[in-house]
Amino acid sequence: MDYQELLLENEHLVKKQQDLAAKIASLEQQLAGLYKLISGFKSESFITETVVDQLSLFAQDTPTVIEQTQQQTISYTRNKKKHQGRNTLPENLPVREVIIEPEEDTTGLKKIGEEITETLEYTPASLVKRRTIRPKYAKKEGAGVLIAELPSRPIDKGIVEACLLAHILVSKYVDHLPFYRQIQIFKRDFNWEPAQSTMSDWMASCCQLLEPLYNSLKQKILASNYIQADESPIKVLDSDKKGKAHQGYQWVYHDPIQKLVLFNYRKGRGQNGPKELLEQYHGYLQCDGYSVYDKIGTNPNITLAGCLVHARRKFHDALDSDRKRAQIALELFRKIYLEERNIKEAVQNDFEQRKTQRDQKIKPLLNQIKNWIETEQFNVLPKSPIGKAMTYFVNQYSKLEAILLDGRIELDNNLIENAIRPMAIGRKNYLFCGSHKAAQNAAMLYSFFGSCKIQNINPREWLEDTLQRIPDHSILKLEELLPGY
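Presented here is an overview of the structure given in this document. (Residues numbered from 1 in each chain as written. Predicted model: local features only at pLDDT ≥ 70, side-chain atom pairs only at ≥ 80, totals over all residues. Heavy atoms only, no water.)

Digging into the overall build of the protein chain
Counted only if it meets this: Under the scheme used here, helices are H or I runs from DSSP no shorter than 4 residues and strands are E runs no shorter than 2 residues, and both carry numbers assigned from the N terminus. Three labels apply to residues, based on accessible area from a 1.4 Å probe with only protein chains included: buried if under 20% of the type maximum, exposed if over 50%, partly exposed otherwise in between. Contacts are assigned to residue pairs with any non-hydrogen atoms lying within 4.5 Å of each other. Working definition of accessibility: Shrake-Rupley area with a 1.4 Å probe, residue cover restricted to the visible protein chains.
A tally of regular secondary structure across the protein chain gives 16 helices and seven strands. Evaluated residue by residue, the protein chain yields a buried proportion of 37% over its 485 residues. A fraction of 66% describes how many contacts in the protein chain between residues 6 or more apart in sequence connect residues 24 or more apart. Accessible surface, the protein chain as shown: approximately 31,500 Å² in total, 51% of it carbon and sulfur.

Regarding the nonpolar core
Just so we agree on the cut-off: Nonpolar core, defined: a set of buried Ala, Val, Leu, Ile, Met, Phe, Trp, Tyr and Cys residues in which side-chain atoms within 4.5 Å join the residues together.
In terms of nonpolar packing, the biggest core is built from 68 residues, with L210, L213, L285 and F448 touching the most fellow members. Residues contacting L210, with those up to four places away along its chain left out, are M444, L445, F448, L463, T466, L467 and I470.

Observations regarding the packing of helix α10 (residues 323–347) against helix α12 (residues 363–376)
Where we set the bar: Orientation is described by axes fitted as lines to C-alpha atoms, over the contacting stretch for helices, and by angles from 0 to 180 degrees between their N-to-C directions. Reported orientations rely on four angle classes, namely roughly parallel under 35 degrees, roughly antiparallel over 145, roughly perpendicular from 65 to 115, and oblique for the rest. The residue classification treats Ala, Val, Leu, Ile, Met, Phe, Trp, Tyr, Cys and Pro as nonpolar and Asp, Glu, Lys and Arg as charged. All others, Gly included, are polar.
Packing of α10 against α12 leaves a shortest axis separation of 9 Å and a crossing angle of 170°. With respect to α12, the axis of α10 lies roughly antiparallel. Facing R325, I328, A329, L332, F333, K335, I336 and E339 of α10, the residues of α12 in contact are L365, L366, Q368, I369, W372 and E376. Among the residues forming the contact of α10 with α12, the class breakdown is nine nonpolar, one polar and four charged.

Describing helix α16 (residues 459–469)
Note the threshold: The term polar contact refers here to a pair of N or O atoms within 3.5 Å; inside protein, the definition further demands a hydrogen-donor-capable atom paired with an acceptor-capable atom, and it admits residues adjacent in sequence only when both atoms are side-chain atoms.
Within the span of α16, buried status applies to P459, W462, L463, E464, T466 and L467. Turning to α16, the residues buried within the fold contact α4 (162–173), α6 (196–222) and α15 (436–454). Its side-chain oxygen 3.0 Å from the backbone nitrogen of R460, N458 forms the N-cap of α16.

Structural notes on the environment of P256
Tracing the sequence through the fold places P256 in the loop between β4 (245–255) and β5 (260–266). Among the residues examined, P256 registers a relative accessible area of 13% and is labelled buried. With residues up to four places along the chain from it excluded, the contact list for P256 reads Y226, Q228 and L415.

Side note on the layout of surface pockets
What counts is decided by this rule: We place a 1 Å grid over just the protein atoms. Points where a 1.4 Å probe fits but has no way out form a cavity, open points with protein on both sides within 12 Å along at least 5 of 7 lines form a pocket, and any residue with an atom within 4 Å of a point lines it. Grid points are joined across faces, edges and corners, and a volume is the space filled by probe spheres set on the points.
Space inside the largest pocket adds up to approximately 1,300 Å³. Around the largest pocket, the lining is made up of 29 residues, and of these R96, E97, V98, I116 and T117 lie nearest the centre. A per-class count over the lining of the largest pocket returns 14 nonpolar, five polar and ten charged.

Re α12
Which entries qualify depends on this criterion: Each helix should span, by expectation, one fewer than its residue count multiplied by 1.5 Å. Of all possible arcs, the one meant is that of the directions from the helix axis to the C-beta atoms.
For α12, built from 14 residues, the straight-helix expectation of 20 Å at 1.5 Å per residue is met to within 8% by its first-to-last C-alpha distance of 20 Å. Among the residues making up α12, those that are buried are L365, L366, I369, W372, I373 and E376. When α12 is viewed along its axis, its buried side chains cluster within an angular range of 125° and face the same direction.

Description of the packing of α4 against α16
The condition that has to hold: Here is the rule for handedness: rotate from the far helix to the near one, and if that takes an anticlockwise turn smaller than a right angle the crossing is left-handed, while a clockwise turn gives right-handed.
Running from amino to carboxyl end, α4 crosses α16 at an angle of 135°, the nearest separation of the two axes being 8 Å. It follows from the interaxial angle that α4 and α16 lie oblique. Read as a crossing pair, α4 and α16 show a hand that is right-handed. Mapping the contact onto sequence places A162, C163, L165, A166, H167, L169 and V170 in α4 and P459, R460, L463, E464, L467 and Q468 in α16. For the contact of α4 with α16, the per-class residue count stands at nine nonpolar, two polar and two charged.

As for unusual backbone geometry
The backbone of H176 shows a phi angle near 65°, a positive value even though the residue is not glycine. Residue position: H176 is located in the loop between α4 and α5 (179–190). Judged by relative accessible area, H176 falls into the buried class, the value being 14%. Of note in this structure, N456 is not a glycine but carries a positive phi near 55°.

Observations concerning the pairing of strand β6 (residues 283–286)
Regular strands show a simple pattern: their side chains alternate between the two faces of the sheet. Here is the rule: In this analysis, strands are considered paired if DSSP registers two or more bridges between them.
One ladder, built from three bridges, connects strand β3 (residues 226–237) with β6; its direction is parallel. Each bridged residue has a counterpart across the sheet, and for Q228 the counterpart in β6 is Q286. The pairing of β6 with strand β7 (residues 302–305) spans four bridges and is parallel. Residue L285 lies in a different strand from β7, and its bridge partner there is L304.

Concerning the environment of W202
Tracing the backbone through its elements, the reader meets W202 in helix α6. If we skip the residues at most four places from it in the chain, W202 touches I155, I159, V160, L165, I168, W192 and P194.

Some details on the packing of aromatic side chains
For clarity, the cut-off: Working definition: rings of Phe, Tyr and Trp (its six-membered ring) pair if their centres are within 6.5 Å, and the pair is stacked with planes under 30 degrees apart, edge-to-face with planes over 60 apart, and tilted otherwise.
By the definition in use, this model includes twelve aromatic pairs. Ring centres of F315 and F333 lie 6.0 Å apart, and the angle between their planes is 45°; on these two criteria the pair is classed as tilted. Placement of the pair is F315 in helix α9 (residues 308–317) and F333 in helix α10, with a sequence separation of 18 residues. You can call F315 buried: its relative accessible area is 0%. For F333, a relative accessible area of 0% puts it in the buried group. When the centroid spacing of 5.8 Å and the interplanar angle of 45° are considered together, the rings of F393 and Y397 count as tilted. Taken together, the residues F393 and Y397, both in helix α13 (residues 385–402) and four residues apart, mark about one turn of the helix. Of the two residues, F393 and Y397, both sit in the buried class. Ring pairs connect the aromatic residues F315, F333, W372, F393 and Y397, which therefore count as one cluster.

What follows is the structure, encoded as structure tokens:
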């Protein structure tokens, strides 16, 4: 083997060693990420640290760390936080007054005032047997019998009234109590034990009654020209898969302006579901970097907008492996969100002014991140966490820029993630849906309850009122029953 062959062989070994080192670093990063997930809550908070290189990159006249330290006066005075005192009790609570007179005789004494102490009592929930009595009258000359008609009920000939149905459904989908736990509570407190299959039938009947309203909600959201989209997995029992649960998905669409949310169940995570739903949609669709959205974005009527939180999260995940570079990016993201908060406080819901202010203050910071990545991208391994973060940002940049096209568009998808969170908590309690139909029924209820949550509406009160009104409500005026209308 001559010198040239030895040199080539050596280069090959060096490259192989570098690839192996990169693979080991990547696996170590994945292992660290899994450990964080197993250990507990994954915080994405970032506390600014002064980095000399960072300052030299982005500030011309900023003093160095040493100069800043010399200018600072360190104080060790501790400011003790004043206790705010006990929270005021809500004014809407009913009051039961108890008057306690002194044990001594008060005859002939003049009352000069009184001391009032307010405490809280709890009255357990109660089941009441409602007995509807309809007197019957015989008409004159044998003309028949006169009797009042029964009022409409959500479930015809059922034993449950709207208030109990609302309580059961809210307990499951808002308070995350599966039917079997509710049955245990009913048995313990009221000696009443409905069958679980019966409660499932009640839910199905309610969803059948609410389906036209769900379709009305869908139409109202799709009529908007700005919605956010995300998806979340849910286990579903499938008769075709014995011994295994099917991995279904709840696709979620949120209208931040009208404060409405729509859950739509699909059997998979492919493009067919959202593509079908959004076929006639015109406007902005804000989403993460999942490739299905890019395929939907080929529709000329849809403009994709990105999510800054997803882009930022990649850099946060890279802190352990390349802290110096990750901090530079995170500091710029921090500045963007500080500017956004100031803009929203200044212009409120004036979306035209918000767009103008963003162009002046946020767009330069976004460009700054992009220019920095273009400079640093070739100095990092592409498969390293920081390399992946940079690649993600560059690939998503056109969508991130689209955020600035309209003042209504949020910087991120956090609002829709908040709407999904109750479902994520719920599936830890009831684990799976019994069928694909049950999963779509759950999507319907999550849509209504999610919309109530966004608008600070009591979901039980809304559902009780809606179940009472919808049997006799005009199909042409269903929009009046939506949360907030």
